[in-house]
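Below, each chain spelled out in residue letters.
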There are 4 protein chains.
Amino acid sequence: MIANTPPMGWNSWDCYGAAVTEETVRKNAEYMAEYLKPYGWEYIVVDIQWANASAAGHAYDPFADLAMDEYGRLLPAEKRFPSAAGGKGFRPLADYVHSLGLKFGIHIMRGMPRMAAHRHMPIEGSEYSCSTAADPHSICLWNPDMYGLRCELPEARAYYDSIFRLYAAWGVDFIKCDDIAREYPRCRREIELISEACRNCGREMVLSLSPGPAPLEQAEHLKQNANMWRITDDFWDDWRLLKAMFERAEKWCLHAGPGHWPDADMLPVGALRQCDSPDGWTRFTHAEQRTMMSLWCMMRSPLMIGGEMTKNDPFTLDLLTKRDLLEIETAAWCAHPLWTTEAESAWVAPRKDGKGLYLALFNLSDKKHAVTVSAEEAGLGILNGREIWSGKETRKAKQLRSVLEPHGAAVWRLY
Amino acid sequence: MIANTPPMGWNSWDCYGAAVTEETVRKNAEYMAEYLKPYGWEYIVVDIQWANASAAGHAYDPFADLAMDEYGRLLPAEKRFPSAAGGKGFRPLADYVHSLGLKFGIHIMRGMPRMAAHRHMPIEGSEYSCSTAADPHSICLWNPDMYGLRCELPEARAYYDSIFRLYAAWGVDFIKCDDIAREYPRCRREIELISEACRNCGREMVLSLSPGPAPLEQAEHLKQNANMWRITDDFWDDWRLLKAMFERAEKWCLHAGPGHWPDADMLPVGALRQCDSPDGWTRFTHAEQRTMMSLWCMMRSPLMIGGEMTKNDPFTLDLLTKRDLLEIETAAWCAHPLWTTEAESAWVAPRKDGKGLYLALFNLSDKKHAVTVSAEEAGLGILNGREIWSGKETRKAKQLRSVLEPHGAAVWRLY
Amino acid sequence: MIANTPPMGWNSWDCYGAAVTEETVRKNAEYMAEYLKPYGWEYIVVDIQWANASAAGHAYDPFADLAMDEYGRLLPAEKRFPSAAGGKGFRPLADYVHSLGLKFGIHIMRGMPRMAAHRHMPIEGSEYSCSTAADPHSICLWNPDMYGLRCELPEARAYYDSIFRLYAAWGVDFIKCDDIAREYPRCRREIELISEACRNCGREMVLSLSPGPAPLEQAEHLKQNANMWRITDDFWDDWRLLKAMFERAEKWCLHAGPGHWPDADMLPVGALRQCDSPDGWTRFTHAEQRTMMSLWCMMRSPLMIGGEMTKNDPFTLDLLTKRDLLEIETAAWCAHPLWTTEAESAWVAPRKDGKGLYLALFNLSDKKHAVTVSAEEAGLGILNGREIWSGKETRKAKQLRSVLEPHGAAVWRLY
Amino acid sequence: MIANTPPMGWNSWDCYGAAVTEETVRKNAEYMAEYLKPYGWEYIVVDIQWANASAAGHAYDPFADLAMDEYGRLLPAEKRFPSAAGGKGFRPLADYVHSLGLKFGIHIMRGMPRMAAHRHMPIEGSEYSCSTAADPHSICLWNPDMYGLRCELPEARAYYDSIFRLYAAWGVDFIKCDDIAREYPRCRREIELISEACRNCGREMVLSLSPGPAPLEQAEHLKQNANMWRITDDFWDDWRLLKAMFERAEKWCLHAGPGHWPDADMLPVGALRQCDSPDGWTRFTHAEQRTMMSLWCMMRSPLMIGGEMTKNDPFTLDLLTKRDLLEIETAAWCAHPLWTTEAESAWVAPRKDGKGLYLALFNLSDKKHAVTVSAEEAGLGILNGREIWSGKETRKAKQLRSVLEPHGAAVWRLY
């Protein structure tokens, strides 16, 4: 089964916006292979606008010229991805990433390039024309490049099959499909077509849907059609967004399971916004970063690093290689909050092997704050175990009491 | 003042959809000049898609090729409007209509052709590019041709000024601007730009906004920026739509006045849907047509004939030349319902010259029904006058009682 | 016809709240007879809580003891209305008011006193019990005295008939029924029962419904069942409330006519809040009071004086006796705004006799402001007439321009 | 801790409505002591209207006379509860229930009897009057007896303390408080006052709040202030209601834990509606009853039998004594659905002791239907265990496949 546990990797958006280059991707892949792969990290994902030679920063150019083949399928802009020259697409870059023992992913938008429709291009492997498949009224609200497809027509399936054939030929392992996860009910059928094209293309690929918030009432449809989907709008290094994630996590935690993972979005850690300034750095405090990692692991969200990894400082590297914490992603299940108030939250997650459980305590307030949980509330008679961030042991306790920093967290492995 | 009284004319949509031709327009203009002009009818309006050589019926082709000049301004398709050949646009046709003593109007969509932006065409009379003026996210929900403009930029004004300069040069007297009247608050500024371009172009043109329903709470903005605006979605020959107009009319009647007229839409009378079938004919009964004419005149809606006029039968011609009824449009004011129930409605409108008033009674039920109104309710002591449709006189009555056909109407001129 | 023109009178609420006494009512009646009756003022109305001996100010006592007869019908508290002693109810006071040539009105709440139901009292003139008629779940949200009735049962009609019989026996001319006008759809049937009881009781009474805002979509039901109904919540001497009335007036102006009048509420002029402090006085400026009177007259609202009339100063008395202005209430019809913006409003109302019209201009801004209206906009060719507040004449003008004080008004009688 | 596991017992509503008698209560208590107590059943709860001597069936009498003491506290009607004679209240009946080794509960409405306020009775143990504590505007929408309290006043706390003192003196173990669980935000403070009075009264009592649906966003407030609360409106023997419970259960399952239990309402099994007809019997099929019991146990809802227990048939008794199933209530935690579709639902709940888990499969369709779940989806590598209803063993399976009757269920204990 694909995505049997939550996918872990790196995505170029938080550090490079629409403007990442091949060189940067290679360097980050090399870093991951050397420092992070032993901890389970494996995906390298090129985010949006790789077909636009002049893309810059986090904004989009209207009416930009996008590289595409004669079938209206976008190609990497050679200026930014030199190895794509000669029509080779992302194949050389994917090969390189694979050579490092990692997996390769790309971002796509639902639909087709607008000019493919206006130019009446043919759809590869079919008798159809792009101009029949495209829906001139189905546009993304925040990106000017594409038209969505007329999913009631066979032309739509033909086009999506044609692009997934191309991605399979390139050796792609992960697709982040954008402008779709929150577009229910309008895009319900489009999600199904993309999901089917993905599963039928002859290569296993993780299918990730963006942006959020995906609607909770569509949980079963998402579980059937995607491997992960965003549960919020874009997440950045802002405490208010992190605090708000607790409510989202509570709503969605039930729906995490093998092959289908609610996604709390990239981890904005380390060197961010490099496309805007080489000095960009996460605004999260250390406590906040530990809280983020603790929550993402407890709820078993996919983990996608957002920073330029080669600039990681020791704290960041340590944060991303805390083996006992990352183990929660594979060893636990049934995670859910015991309670959440304005000031604090307590989460619990039993281990699948029956050998105890994980308990996380969070300080959601802006002050130092003590959180207490009794053995009874944790579903245990007596408490034995270790706090993961500090390494502190607890023996035969009737309750856990943790004095937490503002926005801080503690996570216990209990027996 | 432009549109000092409600504009009266003919529009090609109800009979020819997107596919009217020059020849048909000329024939209808000739008919109007001969039979209707003496009764106040004067505008000949070419509706949507005149730039599309292959337009047909009432549907739209996505990604159709539209005729345009080098500045991204649409031109009449020469195949359908031969006199436009050689870049003369609508000038020859407008000249011909003027030669008959009539006025000439065209339909436009807000925004610019999508390809004008994708091709980065220059804006006439400016340094700007169409691709900067266009907003790739501002599209019409039902027509695939245009992008709305980025009205916060000077490019938008430049483009709208450029098209109105062209229309003035062609001799256009009436602009029906579409995809805009109900698009508040999104298009509020776009309405203002179009209104200003219209008033500043050097030629007097009536500005009509479609489609409805325009929002009632924007009444003052509409009064300031347009000469007429649709108060409903498209009106057709269906009793349910006609019955529903009574509620709209009640809400909007206050806002009719010199220069600004709430518009109940075209009159679907006579030969309709000629583009689909030459046998098309209005499905309204005679009673319903009299009710429609009575309500439109009482509320002082603009009157735009929707049928192919050369096929008018005697009933239709009589309906459109009932001089005493049409006089209400210019002689009355302050029209409003006395009451409206499920079964009936009574409207009153005093004459501006103080010489009595008009009283209309409507049977909204599906059965023969008697409607009664007392002199007191009509604001008079005693009732003297004549019913317009039947010519029947009333003398010294204390009340009017009219047994009306199903969906029928009676209108009195009272002293 | 009852209420053929808008009722004019005095109501005790604004000056005495729940605590008016017989003595005060008599004094105000005497004042009206002497100073105001020649101008059309005629109703003297005792507002809420006259059955409660200990009522004070503008608040309500829960579980207060209310005077009632053996049939659960409220009686005036003798401590406050001494002439009611011996079971005579309001008869002696009504007689006195009539002796002055005026008319007498009282306030009632829909429903019956709660204790009439809890004590299982019989309903006068029937076999029924109050406890069957009362609906223990139908209560007023702001007054603790009553239960609404179970209008689907004959008991409800029996009770309402019984109280109107009593009021007819007392000689009541005007009923202000409270907790009902905005209680659609819950109280729709209760309105009908009260209306029928009123019309069938053997004495002509004006039926006035409170509090507002009555829902606009119930206009026809209100016109059929009441003579006047409140279009806003309680109106007081606050400019924001007065400014907001322009929007209400625009929505409702269509529905004013013989027998049915949208009601903009009492006029808070002169000495107010006497129950709280004998120094109470309206906070409206002179300009605001003229604006209020101008708008109420133009829209033909009923006029109910809210102040303690015996304390009127010359300005207030003059305001209430401006004969040319008050004449609008009887001579005009079809009033409606020409336009209303943030800063200004213009209203027009033709005379029923065809001899010209009234034009009112309002400054809604907080600064001196010039309002201009052309002859064309007013529906006239040339302007002749007189401004009512200033007496200034205008001859052969093409437009009226009036520099108005902040919140001020001007009203022209034009030919 | 009170309610450390979900309370289990019997409630008189489903079989006797408002009309249960002491004799019936005693007989049911005797039955429970003999047949059900060994399986964990222990509460005997007298539902609504025990103070009304003439209560009958499931409806309410407006303005009925309710038995109360001189402090406005309701007393059992002696006609129905003879042992209450002489002011002994429920003490003798509670004593009897206790003598059988069971616990005793009663129903209350929030607020106080309306007549306690109208009669200005004193509040026991205080200087206050009931008429000050009562809020004449706070009434139940479906029961006519009470006024809610003015919770911002100390009088409210005094009254609630006074009634809980009385219940403690009677020996009450369980309070079902009605007209409150879904009354957020209006009754938020009233819930807190009742909760505090309950905890401070000197006797441990389970506090149960009705009716539902309690609002999900108030979960933390409910967990802090009550031991159980209804998550739906009244539940009856109707498949549509049972099917709808799956969605509620999914939303609320996170919030079950020691001391706080989302409550899916009484179990309408066996002899129901005895007050209406002695032949009343549940309309649920056997399959539906097993589905209900399976879901209630998996989600760890409290279990309250609704039928007249002395009429239980063998099926019903077996249903209520399925020890392995009932064990889920105490042994499992973290229950949640794996998925729920139109046709089926799968739930999982690990055991707290780490020794395996429970897996329930439900057929929500109207046809026989096979539901399949893989070991992987259940969080296990290989499946060993036993189906509880059939006793069938499974060994070393890679998946479970169960062909279920319409509306049927299967529950596995897996290792």
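Criteria and cut-off values
- Residues numbered from 1 in each chain as written.
- Chains lettered and ligands numbered in written order.
- Predicted model: local features only at pLDDT ≥ 70, side-chain atom pairs only at ≥ 80, totals over all residues.
- Heavy atoms only, no water.
- Contact = heavy atoms within 4.5 Å.
- Buried area = accessible area lost by both parts, 1.4 Å probe.
- Salt bridge = Lys/Arg side-chain N within 4 Å of Asp/Glu carboxyl O.
- Polar contact = N/O pair within 3.5 Å; in protein donor to acceptor, adjacent residues only side chain to side chain.
- Helix = DSSP H or I, 4+ residues; strand = E, 2+ residues; numbered from the N terminus.
- Nonpolar A, V, L, I, M, F, W, Y, C, P; charged D, E, K, R; others polar.
- Expected span 1.5 Å × (residues − 1).
- Buried < 20%, exposed > 50% of the residue type's maximum accessible area, 1.4 Å probe, protein only.
- Least-squares fit on C-alpha atoms with pLDDT ≥ 70 in both.
- Pairing = 2+ DSSP bridges.
- Axes fitted to C-alpha atoms, helices over the stretch in contact; angles between N-to-C directions.
- Phe/Tyr/Trp six-rings, centres within 6.5 Å; stacked < 30°, edge-to-face > 60°.
- Parallel < 35°, antiparallel > 145°, perpendicular 65-115°, else oblique.
- Left-handed = near helix turned anticlockwise from the far one by under 90°.
- Disulfide = S-S within 2.5 Å.
- Domains from an automatic or database assignment.
- Lys, Arg positive; Asp, Glu negative; His and termini not counted.

Undergrad: Please provide a residue-by-residue account of the interface of chain C and chain D, values included.
TA: With 19 residues of chain C at the interface, the matching set in chain D holds 19 residues. The contact between chain C and chain D buries some 1700 Å² in all, and 67% of this surface belongs to carbon and sulfur atoms. Area buried by chain C at its contact with chain D is led by Phe63, His118 and His137 of chain C, which between them contribute 43% of it. On inspection of chain C and its partner chain D, the count reaches 0 salt bridges. Across the contact surface, chain C and chain D share 9 residue pairs in polar contact (both at pLDDT 80 or more). When residues in the side of chain C that touches chain D are grouped by element, the largest group, 4 residues, is from helix H4 (residues 114-118) of chain C. When its residues are assigned to classes, the side of chain C that touches chain D shows 12 nonpolar, 5 polar and 2 charged.

Undergrad: Explain the interface of chain D and chain A to me, using residue names and the numbers behind them.
TA: On the chain A side, the residues contacting the 26 residues of chain D number 26 residues. Contact between chain D and chain A buries roughly 2200 Å² in total, counting both sides, with carbon and sulfur atoms accounting for 61%. Contact with chain A buries area across many residues of chain D, yet Leu254, Trp333 and Glu376 of chain D alone supply 29% of it, more than any other trio. Take the side of chain D that touches chain A: its biggest share by element is 5 residues, from strand E11 (residues 336-340) of chain D. Partitioning the side of chain D that touches chain A into residue classes produces 13 nonpolar, 8 polar and 5 charged.

Undergrad: Talk me through helix H2 (residues 22-36) of chain A; I want residue IDs and the actual numbers.
TA: With 15 residues, H2 of chain A extends 20 Å between its outermost C-alpha atoms, agreeing within 8% with the 21 Å of an ideal straight helix rising 1.5 Å per residue. Looking only at H2 of chain A, the buried set comprises Glu22, Thr24, Val25, Asn28, Ala29, Tyr31, Met32 and Leu36 of chain A.

Undergrad: Tell me about the relation of the copies chain D and chain A, residues and numbers included.
TA: Least-squares fitting of chain D to chain A yields an RMSD of 0.0 Å, with the transformation described by 0.0 Å of translation along the axis and a rotation of 180°. Read as a symmetry element, the transformation amounts to a two-fold axis. No C-alpha of chain D approaches the rotation axis more nearly than that of Gly354 of chain D, which lies at 1.9 Å.

Undergrad: Can you explain the arrangement of the chains? Please cite residues and give values.
TA: The two units chain A and chain C remain apart, with a minimum C-alpha distance of 33 Å. Left apart from each other, chain B and chain D have a closest C-alpha approach of 33 Å.

Undergrad: Explain the pattern of salt bridges residue by residue, including any values.
TA: All names here are of chain A. Applying the stated criterion across every chain yields a total of 128 salt bridges over all chains. Where Arg110 meets Asp179, a salt bridge forms, and the shortest distance between an N and an O atom there is 3.1 Å. Taken together, the residues span a long stretch of sequence, with Arg110 in the loop between strand E3 (103-109) and strand E4 (112-113) and Asp179 in the loop between strand E6 (174-178) and helix H7 (188-200) at a distance of 69 residues. For the pair shown, Arg110 and Asp179 are each scored as buried.

Undergrad: Please set out the relation of the copies chain C and chain D residue by residue, giving values where relevant.
TA: With an axial shift of 0.1 Å and an RMSD of 0.0 Å, the rotation relating chain C to chain D amounts to 180°. The fraction of interface residues of chain C whose copies in chain D are also interface residues reaches 100%, indicating that both copies meet through the same surface.

Undergrad: Account for the sheet that holds E3 of chain A, naming residues and giving values.
TA: For sheets, the rule is that strands pair by backbone hydrogen bonds, running either parallel or antiparallel. Residue and element names in this part refer to chain A. Strands sit in the order E9-E8-E7-E6-E3-E2-E1-E10 across an open sheet of 8 strands; the sheet is parallel. Looking at which strands have only one partner, the edges of the open sheet turn out to be strand E9 (261-263) and strand E10 (303-305). Neighbouring strand axes in the sheet, compared pairwise and without regard to direction, differ in orientation by 25° on average. Against the sheet, H2 touches strand E1 (8-11), strand E2 (43-46) and E10, its axis set at about 165° to E2.

Undergrad: Residue-level account of the packing of aromatic side chains, with values.
TA: Across all of its chains, the model carries 64 aromatic pairs over all chains by this definition. Between the aromatic rings of Tyr159 of chain C and Tyr160 of chain C, the centroid separation amounts to 6.2 Å while the plane-to-plane angle is 65°, which identifies the pairing as edge-to-face. Ring centres of Phe81 of chain D and Phe90 of chain D lie 5.2 Å apart, and the angle between their planes is 80°; this geometry places the pair in the edge-to-face category. Here Phe81 of chain D matches Phe90 of chain D in class, with each residue buried.

Undergrad: Residue-level account of the packing of helix H2 (residues 22-36) of chain D against helix H3 (residues 91-99) of chain D, with values.
TA: Two measures define how a pair of helices packs: the angle their axes make with one another and the distance between the axes. All names here are of chain D. The interhelical angle for the contact between H2 and H3, taken along N-to-C directions, is 15°, at an axis separation of 10 Å. Relative to H3, the element H2 is oriented roughly parallel. Where H2 crosses over H3, the handedness of that crossing is right-handed. Residues Glu22, Val25, Arg26, Ala29 and Glu30 of H2 form the contact with H3, whose own contacting residues are Pro92, Leu93, Tyr96 and Val97. Of the residues belonging to the contact of H2 with H3, the class tally is 6 nonpolar, no polar and 3 charged.

Undergrad: Tell me about the environment of Leu404 of chain B, residues and numbers included.
TA: Secondary-structure assignment places Leu404 of chain B in strand E17 (residues 399-404). Contact partners of Leu404 of chain B, with chain neighbours within four places excluded, come to Leu361, Phe362, Asn363, Lys367, Lys368, His369, Val371, Ala409 and Ala410 of chain B.

Undergrad: Which residues make up the state of the cysteines, and what values do they have?
TA: Here a disulfide denotes a covalent bond joining the sulfur atom of one cysteine to the sulfur atom of another. Overall, the coordinates contain 0 disulfides over all chains when judged by the stated rule. Cys177 of chain A forms no disulfide, and the closest cysteine sulfur to it belongs to Cys187 of chain A, at a distance of 9.0 Å.

Undergrad: Give a detailed account of the domain arrangement of chain A, specifying residues and quantitative values.
TA: Residues and elements named next belong to chain A. Domain parsing of chain A yields domain 1 (8-331) and domain 2 (336-414). One C-alpha centre belongs to domain 1, the other to domain 2; they are set 33 Å apart. Contacts between domain 1 and domain 2 engage 24 residues on the former and 27 residues on the latter. Across the interface of domain 1 and domain 2, roughly 2200 Å² is buried in total on both sides, 67% from carbon and sulfur atoms. Counting the surface domain 1 buries against domain 2, the share from its top three residues, Phe246, Met298 and Ala331, is 27%. Across the contact surface, domain 1 and domain 2 share 4 salt bridges. One salt bridge connects Glu405 with Arg290, and the closest N-O pair in it is separated by 3.2 Å. Counting every contact that joins domain 1 to domain 2 gives 12 residue pairs in polar contact (both at pLDDT 80 or more).

Undergrad: I'd like a description of the sheet that holds strand E8 (residues 228-230) of chain D, backed by residues and values.
TA: Residues and elements named next belong to chain D. Strand order in the open sheet formed by 8 strands is E9-E8-E7-E6-E3-E2-E1-E10, and the pairing between neighbours is parallel. With one partner strand each, in any of the chains shown, strand E9 (261-263) and strand E10 (303-305) form the two edges of the open sheet. Shown here is a sheet whose adjacent strand axes are inclined to one another by a mean of 25°, direction ignored. Across 2 bridges, strand E7 (residues 206-209) lies against E8 in parallel orientation.

Undergrad: Give me the pairing of strand E12 (residues 344-350) of chain C: which residues, what numbers.
TA: Residue and element names in this part refer to chain C. Here E12 lies mainly inside the structure; 7 of its 7 residues are buried. The alternating pattern of E12 places Glu344, Ala346, Val348 and Pro350 on one face and Ser345, Trp347 and Ala349 on the opposite face, and all of these are buried. Across 4 bridges, strand E11 (residues 336-340) lies against E12 in antiparallel orientation. Bridge pairing links Trp339 to Ala346 in E12. Bridging between E12 and strand E13 (residues 357-363) involves 7 bridges; their strand directions are antiparallel. For Ser345, the partnering residue across the bridge sits in E13 and is Phe362.

Undergrad: How would you explain unusual backbone geometry if you had to name every residue and give the values?
TA: A cis amide bond links Tyr184 of chain B to the next residue, Pro185 of chain B, at an omega of -5°. Examined against the element boundaries, Pro185 of chain B turns out to sit in the loop between strand E6 (174-178) and helix H7 (188-199). Its identity is not glycine, yet Asp179 of chain A carries a phi of approximately 60°, on the positive side.

Undergrad: An account of the side chain of Asp14 of chain D is needed here, citing residue identities and associated values.
TA: All names here are of chain D. Note on placement: Asp14 falls in helix H1 (residues 13-16). The side chain of Asp14 sits in the buried core without any salt bridge; Arg273 is the nearest counter-charge, 7.4 Å away. If we skip the residues at most four places from it in the chain, Asp14 touches His58, Trp236, Met266, Leu267, Pro268, Leu272, Arg273 and Gly306.

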